[in-house]
Each structure stands twice: as structure tokens, then as C-alpha cells.
Amino acid sequence: MREVAVIGVGLTKFGDRWEAGIKDLAAEAGLAALEDAKIISSEIEALYGGIMSSGRFTDQEHFAALLADQIGLKHISAVRVENACASGGSAFRLGYMAVASGMHDIVVVGGVEKMTDVTVNEATTALGGAGDQEWELSQGITFPGLYALMARRHMHDYGTTQEQLASVAVKNHGNALANKYAQFHRKITIDDVMKSKMIADPLKLLDCSSICDGAAAVVLAPMEIAKKYTDTPIKVAGSAQVGDTLRLASRDSLTGIAATRIAADKALAQAGVERKDIDLAEVHDCFTIAEVMGVEDLGFYNKGEAAKAIAEGETMIDGKLPVNTSGGLKGCGHPVGATGVKQVVEVVEQLRGDAGARQVNGAEIGLTHNVGGSGATVVVHVFRRAD
Amino acid sequence: MERGVAKTWRSANARYNLTGVQCTNCKTAYFPPRMVCAKCGRDTKMVEKKFSGRGVIYSYTRIFVPPHDFTEEAPYTVAIIRLEEGPLVEGHLVDGKKPEIGASVRAVFRRMYTEGSEGLIHYHFKFEIV
Amino acid sequence: MSGILGYGVYIPAYRIKTEEIARVWQDDASSIEGSLHMKEKSVPGNDEDTATISVEAARRAVYHSGIDPKEIGAVYVGSESHPYAVKPTATIVAEAIEAGNDLTAADLEFACKAGTAAIQMAMGLVDSGMIKYGVAVGSDTSQGRPGDALEYTASAGGGAFVIGKRKEEVIAEILKTVSYTSDTPDFWRREGASFPSHGGRFTGDPSYFRHIANATTMLLDATGTTPKDFAYAVFHQPNGKFPLAVAKQLGFTEEQVRPGLITPLIGNTYSGCSLIGLAAVLDIARPGDKILVTSFGSGAGSDSFAIEVTPNIESKRQRLVRVSDAINRNKVYVDYAMYLKHRNSIRKW
């Protein structure tokens, strides 16, 4: 296998992008990444696009071919990848494998979701398809509902409090203040979270990531030619993807996501790094409880100990382990297919030292953690500076 | 959303009567029914298994923002129940009684949702706190 | 002749008080309570309808009877509030009691007496040898037009009976049944109408009283009995007052009627009414007791039954959910606004 580097990244502003359709969003991020990589279009051999449900959200299927055309890529191999909220991470891993295997040299990975062209009920229905439609969604169990069931049991087993969960949202909204691409630029308090509208008890509106629009893209190249394009290639040091049952109730535990633990072990082993070496992590915080379980399952904290540590500031940008410096899904918004790729963009910017006010000093090694559904797909990547 | 009628009809026995399957080898009971034992794989047979409907609440939530089909029902309470035969199963809690983890429940028969004023009415097991 | 092998009733948990309905319409609650002999009525949950009530009652009846549901040959559900205008409730019930597919099923409608009509039909099939067991259900989530007098009484609930004829299984033998039927338009609901209409006081003498009196008299004549021969009498009970009045007219005492008088506690469950009344009496009856039941359905007709309890009733009681338990389990009181929400009567458009 060849070593693979990220040589270019691009993002759109996340949020209510009323003026932009799905093509506009995808092209905006894709072109930004090509520009960043200073690459000639004819050099690109393949595109992998992570999109959860362009069909439900915009009635457009067959999206990868459309996107390739929109960013001026003619006659290339273009594949749409769907793994619910892990679509972006899964697409990135396929792009990585395509380059690592030697099948392709230059590959573009994109992620996009245009979610605001349907009503909230319709979006809730589409997102519910990330769980088991036949037994969960058909009984009206929404996606927030699944995480609420996990949160309730976590609170019961470990004494996790709603205020501790709220501290995840407060931290991530705080980080998003310094990210111009984030949907939210508003400082919030624990009280704001606690008083926000109930969505699925105990999860309130500000415990949930938003339904919004956005796109992200990166360009991958074999390490041996990466320096041709950039002075700061970022190496994909470890890549793992692990599955589990789609249906939450089919699993042994509701207080964690087993696939996260296994994926982290594999990706770290491939990268040859230990947990203590990680300088920052983008952790899948689709709900506040998801970040709590995420840092526990990734092995940064013992089960039941993360919520308290987060509330005490250990995962702030200047803390022991900075988590979601971008603002996470909470602060940036969660255009589903874009999220996994946006996490990569953030880690690359941090490792390049380009993160501005969000910069983690001396960051050398970063990790991304992208979850599909209630944990049926988990993708973990480890990145390190290669200059 | 309008859709074909066969979608819930094909699993009516499971939805009405909480009928699942059991592995003939390791005796693990499953709901919903599945073709292959998660522990023994393809080397064993699965047979029909009727659950008693008795169990305890393992977790619960109250859903305020529903999917499309449930706009008339919201808000409603759903739980994950630990059935006395072993498996966890998701289901609604009925009649507004305050749920608690560990509370005993029994299965009842209720309406799940209706497809508008002219479409099908879908019935399902739910759980009552006893 | 055929008899009862088991029975079950189901009453929703929700209740609304007469005084709460009276508050909304600015009626005098105490005079209504006095004239109807009713303090509260049952209200279906917003996920309950005639199908769910029928299933719960039928499951209890099958369990109580101890039979193998695969041997059920007929399922009849009587109601005036079937969830579908076309598509049987009875097939939902048959599936939910796991009766298999080797059976006949149909929905019946005869205002408040469709439940007793279901029993008669099941008896006919059992006695003719066409089937081994039949399940007869009477159940309703009845509708009263808001502001109408019926709103105080129209409630929700159901009863189910397993009919068979093997002596060792029968807990109460049905000695005789007769019916009195005429074309009397005292109460009706047209196709597509949300609420029934009625003939006011015309529902009294020419309707309720005439049909019940004639059917009961026919039964007494046919069996050579007098009111004294019966330990209990159950008459259709649209309110708490009519059954006492018709009993007195026919020569039955209040003591014979009281144990089966359930409407004052839960309201008029329409097709469920006579079946729940009979169930309440069977809950306490002793072997050898004779019970008279006369239903009434508007439109109009009455089915009258003479029933004798057998010794088998005692041993089966451990499998029984008594009417009093079905009524009193975790009651939840709702106000008028929640009542409308449960009935899906709040306009959102």
C-alpha cells in the first residue's frame, strides 16, 4: 500500500443556504478544494461523494456524476457513497483506499447535504432512515429519539446529568465562534440549553445538531508526489471502518457504541500511535450525548467519566484533549453527508497550523470520528503532519 | 406519505402478537424475527417464538418532534423494554403513566398510526406500565 | 345447547366526569347525574378504537376459556364504530388472537345489540356442528354529538365471549335465546356522518321499553320461567335509569339488576354494554344460578337469553380479569379539552 496525503481542502459556509441548491453547495466546496490543492482538473481520476439522502431531501439521485460535471471533471469515475451520517467519512476512506492501492493517483472526496428544501417533519423522517426503518422509524422513533434512549440509560447507569450534556453544546458553540464556516456564531450558556425546546426527552433543541445545508471536499494524492502540490501534506496515518447492528435494541449496550472502540483500536494500530499522542479529535457530536459516548468509546476516558471531564473543561481548545475545535456538528451544523469530510478539513487545517484563533498549539497528530445512524457504521481516521 | 399496503401487512403477526424467533441450538430468543442466529450463524435453525409481553423498562424517551406519519400522535413516549425472555425491544408506552427505568410492563394492542383520513390504520403492540 | 367457555372485558383507562361535560355546556351537573344515574364515563385513549378494544377483550376471553385459539372457527365483532367503513374489524381480532386462517369472520352492526347478535350467530354455528368454537365480541368507541344529551353517556369499552358446547368446558350454559325485532327508527347514523341522530323521547317507550319487554316476555314464556327463577337480570343500559325502570315493569327486583348495572360506572359502551353487564354477573355467580340477559339495539331489536351457570366456572376464575378490575385499573381523568384531543376532534386546519 502506498502512503496517502491530503493536499487540498475546501468548505462552504454551513447553515440555511436558501440561495444555494445541492449542486451549488457541492461545487462551491469542490472548487475550493481544487483551488487549495492548486491542481489541474485533468489530473483528477476519480471522485467519491458522501451524501445521505439527496433523493429524500432534493429528489436528485445519481449525484456523484452530476457533481463531477459541476466542478469540471470530465469522464472520470464518480461514485456516490451512502452510510447515513457516516457517508462523508466512508467516502473519504474509499478515496484513501483508491489512492493507497495504486488504482488512482489524484482523487477528490466530497460530502454534501441540502436539507432545508423539505419540512422539518420530512427531514426527521429521512434522517430516521439512518436507523432501522422497519422497527424503529415505523414506530415513530426518530433519530433524536434513539440518542435520547441512549442518553437516558447513560444518565441512569453513570449519573450523567443534563447540565453536563449541555456543557458539550456550550463548548462547541464557543469553538464555532472562531470558525467562519460554522452555522452558529452565538455564545450559549448551560441555561440556554436547559431552557431550549424539548425534542426527545432528555435531549433539548440545543443538545441536537442542526438540520442545515453545507458541503466539504478534500483532494488526496500519493505521498510521493504530494510535495509537488503543497508544502504541508497531511498524511492519512490510519483508517478504519467498523459496523454493527442497524437497530439499537439489537446491541448489548445502549451506553456506548462498540464499533467506535474497535475502529479506534484499528486506526491507531495502523498509525502506530497511542491515544496519549493525539493532539486533537473531531468527534461525532450529532447530539451532546454522542460526544460524551464518543470520547469514552474512543478510549480517551473511562466509561461514565467523560461528561464530568467535559464539564470541567478538559476538552476545550486549551485543555488536555481538544475535542471539536471546529465547533463540531453542534456548532458548525450537520449537513449529514458533508460532516465526515468537514471533520477531515478541520484536522488538516489544524495540523497545517492554519486554524487561526482555533489553533491547537503544536498539533502534530489528529483523529476524526464519524458515526452513521445510532452506531451501525463508525469511521475513524488518524492524521499526522508529514513535512 | 402514501405507500403500498404490503409493507406492514407482511409482518402483522410480529407486530400484533410479539412473535419472534428462537435459535434451536443456543436457545437465544430474538425479536424481531431474523433468519440467522447472531451467535451461532448459519449452522442452526430458527423457530417461531411467541413472547409473553412481560418485561421491564430499560430506557425511555418522550418524542416531541415526530416523523411525518406521527404528526397526529405527538408527543408520545417510547421505551426500550427488556423482555423476560431476554431480548430488548422498542415500543410505545401507553396511557401517560410516568415511566421509570426498571418499571414492569406488559404488552397491549393499540393503534400505531393512521395514513391520513382515508388510508390504512396500522396496529401494533405497545406496552403498559403495570 | 351451546354455552359460554370464557369471557373478557376491556375498558380504556381514561374517564371524564359528568360535571366536566356539564361545565362546558353550562348544564346543571347534579340534575343530569340524577336523571341519568351517571357520574363519569370512559374515554378511549388517542391510540384506541373498536379494533384495539375488541382485541384486548377477545384475548382475555380466549385466555379465560383455556382453549387453543387455532380451533376457533368464527369471529364476529359487533359495533357501531368499526374503524373502517369497509374492511373488517373481525380479521384484525382473529389475527391478534392467533386464531389461524381456517375460520369465518364478519363485522356486525345493530346499534347497541350487535354484540348479542354476534353471540347468537356463534351459537348457531356451534350448535349446528359447523364450528368447534366461536368468538363473539361487542365493542364500541361510541360518539355523542358535542352538546347533545348522548355526550354524557356515550363511552368506550367492549366484551368478548368464547362460545362452545363441550360440557366439561362450558362455564355457563345458554338454555334459550329469542329475539324481538321491528323497524323502529329511534336512533341512526348515516354513512359518512360523524355523529348519530336520535328521536329524543321516541327512544323510550316505543323503542327501548317495548322491545326489551316483548323479548323478555317471550323468553320467560318459552322457558316456562318467571322473574323469581333468575338470580340476576341484565338489561341493556343506555344510562343508569332505564334498566331499573324496565326491570320493575317486568317484575324483576333492583337486587337482581344491580350487580350487572355497569353503565353508572363507565357510561354506555353500546355494543359492549350487555356483554359487560353479563360478565359482571358471571364474575360473582355461583354454579346453578340462572341469569337473564336482554339487550336492545336501536332500529330496533332485543335479544334475550336464559343462562345457567355450571360448576366449571369456579376453577376457571384464576384466569379471569374481573369487570371491577378492568374498570378500576389506573384510571386517568381528563378534562374536556383533552377529551376532544383523544377523540381527534380538535381542528388543526
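What counts and how
Sequence order sets the numbering: in each chain, residues are counted from 1 along the sequence as written. Written order decides the labels, with chains lettered from A and ligands numbered from 1. Only residues with pLDDT of 70 or above have their local features reported here, since the model is predicted, and side-chain atom pairs are shown and tallied only from 80 upward, although totals for entire chains, interfaces and linings are computed over all residues. The side-chain numbers reported here are obtained from all heavy atoms of the structure, hydrogens and water having been left aside. Think of it this way: any DSSP run of H or I at least four residues long counts as a helix, any run of E at least two long counts as a strand, and we number them from the N terminus. Atoms considered for the radius of gyration are the C-alpha atoms alone. The globule rule reads 2.2 Å times the number of residues to the power 0.38. Think of it in three bands: residues with accessible area under 20% of the maximum for their type are buried, residues over 50% are exposed, and the middle band is partly exposed, with areas taken using a 1.4 Å probe on protein chains only. For this analysis, residues touch if any pair of their heavy atoms sits within 4.5 Å. For the accessible areas, the method is Shrake-Rupley and the probe is 1.4 Å, while residue cover comes only from the protein chains on display. Pairing of aromatic rings covers Phe, Tyr and Trp, the last through its six-membered ring, and needs centres within 6.5 Å; plane angles under 30 degrees mean stacked, over 60 mean edge-to-face, and all others mean tilted. Comment: the charge-over-ring label is applied if NZ (Lys) or CZ (Arg) is within 6 Å of the ring centre and within 35 degrees of the ring normal. Only strands that DSSP links by at least two bridges are regarded as paired with each other. Between N-to-C directions, angles cover 0 to 180 degrees, with each direction set by a line fitted to C-alpha atoms, over the stretch in contact for helices. These domain boundaries are the output of an automatic or database domain assignment. Two parts placed together each lose some accessible area; with a 1.4 Å probe, that loss summed over both constitutes the buried area. Salt bridges, as used here, are contacts in which a Lys or Arg side-chain nitrogen is within 4 Å of a carboxyl oxygen on Asp or Glu. Think of a polar contact as two N or O atoms within 3.5 Å of one another; within protein, one of them needs to be a possible hydrogen donor and the other a possible acceptor, and neighboring residues in sequence only count if both atoms come from side chains. Under the scheme applied, nonpolar residues are Ala, Val, Leu, Ile, Met, Phe, Trp, Tyr, Cys and Pro; charged residues are Asp, Glu, Lys and Arg; polar residues are all the others, including Gly.

Q: Any chance you could explain the overall build of chain C here in plain terms?
A: In terms of regular secondary structure, chain C is built from 13 helices and 14 strands. A compact globule built from 349 residues should have a C-alpha radius of gyration of about 20 Å, and chain C, at 19 Å, falls within 12% of that. For chain C, buried positions account for 60% of its 349 residues. Considering only intrachain contacts with a sequence separation of at least 6, the fraction spanning at least 24 residues in chain C is 79%. Accessible surface computed for chain C: about 13,300 Å², of which carbon and sulfur atoms make up 52%.

Q: Before we go on, may I ask you to explain the packing of aromatic side chains in this structure?
A: Between two aromatic rings, the relevant description is the distance of the centres plus the angle of the planes. On inspection of all chains with the given rule, the structure shows 21 aromatic pairs over all chains. Consider the rings of F70(B) and Y76(B), whose centres lie 5.6 Å apart with planes at 45°: the pair is tilted. As far as burial versus exposure is concerned, F70(B) and Y76(B) are alike and both buried. With a centroid separation of 5.1 Å and 50° between ring planes, the pair formed by Y208(C) and F242(C) is classed as tilted. Taken together, the residues Y208(C) in helix 6 (residues 204-223) and F242(C) in helix 7 (residues 242-250) connect sequence positions 34 residues apart. On the basis of relative accessibility, which here comes to 22%, the residue F242(C) falls in the partly exposed class. Each residue in the set W135(A), F31(B), F51(B), F125(B) and F127(B) is aromatic and connected to the rest through ring pairs, giving one cluster. The positively charged end of K17(C) is found above the aromatic ring belonging to Y333(C), 4.3 Å away from the centroid. Here the basic side chain of R319(C) rests over the ring of Y63(C), its NZ or CZ set 4.1 Å away from the ring centre.

Q: What should I look at first to understand the sheet that holds strand 1 (residues 3-10) of chain C in this one?
A: Paired through backbone hydrogen bonds, the strands of a sheet run either parallel or antiparallel to each other. Residues and elements named next belong to chain C. Across the sheet, which stays open at both edges, the 9 strands sit in the order 5-4-6-7-1-8-13-12-11 with mixed pairing between neighbours. Looking at strand neighbours, the two that pair on one side only are strand 5 (104-108) and strand 11 (232-235), the edges of this open sheet. Neighbouring strand axes in the sheet, compared pairwise and without regard to direction, differ in orientation by 20° on average. In terms of strand pairing, strand 1 meets strand 7 (residues 156-164) through 7 bridges, oriented antiparallel. Opposite V9, over in strand 7, you have G159 as the bridge partner. The sheet strands contacting helix 3 (residues 50-65) are strand 1, strand 4 (72-78), strand 6 (133-141) and strand 7, and the helix crosses strand 1 at an angle near 135°.

Q: Please clarify how the domain arrangement of chain A should be interpreted in this entry.
A: Residues and elements named next belong to chain A. Taken as a whole, chain A is organised into domain 1 (4-118 + 212-234) and domain 2 (132-204 + 237-385). Taken together, the contact pairs 42 residues of domain 1 with 37 residues of domain 2. Both sides together, the interface formed by domain 1 and domain 2 hides about 3,000 Å², and carbon and sulfur atoms give 67% of it. Contact with domain 2 buries surface across domain 1, with F14, C85 and I234 losing the most and accounting together for 25% of the total. Between the two partners, domain 1 and domain 2, sit 1 salt bridge. Where D36 meets R352, a salt bridge forms, and the shortest distance between an N and an O atom there is 2.9 Å. Run the count over domain 1 and domain 2 and you get 8 residue pairs in polar contact (both at pLDDT 80 or more). Contributing elements (two or more residues each) for the side of domain 1 that touches domain 2: strand 1 (4-11), helix 4 (87-100), strand 4 (106-113) and strand 7 (214-222). Among the elements that make up the side of domain 1 that touches domain 2, the one with the highest residue count is helix 4 (7 residues).

Q: How should I be thinking about the side chain of T230(A) in this particular structure?
A: All names here are of chain A. Looking at the element boundaries, T230 is found in the loop between helix 9 (223-226) and strand 8 (234-243). For T230, a relative accessible area of 11% puts it in the buried group. There is a polar contact of 3.0 Å between the side chain of T230 and the backbone nitrogen of T232.

Q: Looking at this model, I keep getting lost on the environment of I16(C). Mind explaining?
A: Residue and element names in this part refer to chain C. Position of I16 among the secondary structure elements: in strand 2 (residues 14-17). Between the C-alpha atoms of I16 and V234, which are 218 residues apart in sequence, the distance is 25 Å. When near neighbours in sequence (up to four residues on either side) are disregarded, I16 contacts I21, E40, K41, V43, V334, D335, Y336 and Y339.

Q: Looking at this structure, how should I read the interface of chain A and chain B?
A: How big an interface is tends to be expressed through the accessible area that disappears when the partners come together. Opposite the 31 residues of chain A that make contact, chain B presents 33 residues. The junction of chain A with chain B conceals about 2,900 Å² of combined surface from both sides, 60% of it contributed by carbon and sulfur atoms. A per-residue breakdown of the area chain A buries against chain B is headed by W135(A), Q139(A) and L149(A), which together make up 23% of the total. At the boundary of chain A and chain B, one finds 1 salt bridge. Linking chain A with chain B are 17 residue pairs in polar contact (both at pLDDT 80 or more). The set of elements that each furnish at least two residues to the side of chain A that touches chain B consists of helix 5 (120-128), helix 6 (143-158) and strand 5 (198-200) of chain A. Residue contributions to the side of chain A that touches chain B peak at 6 residues, all from helix 6 of chain A. Classifying every residue of the side of chain A that touches chain B by side-chain character gives 12 nonpolar, 10 polar and 9 charged.

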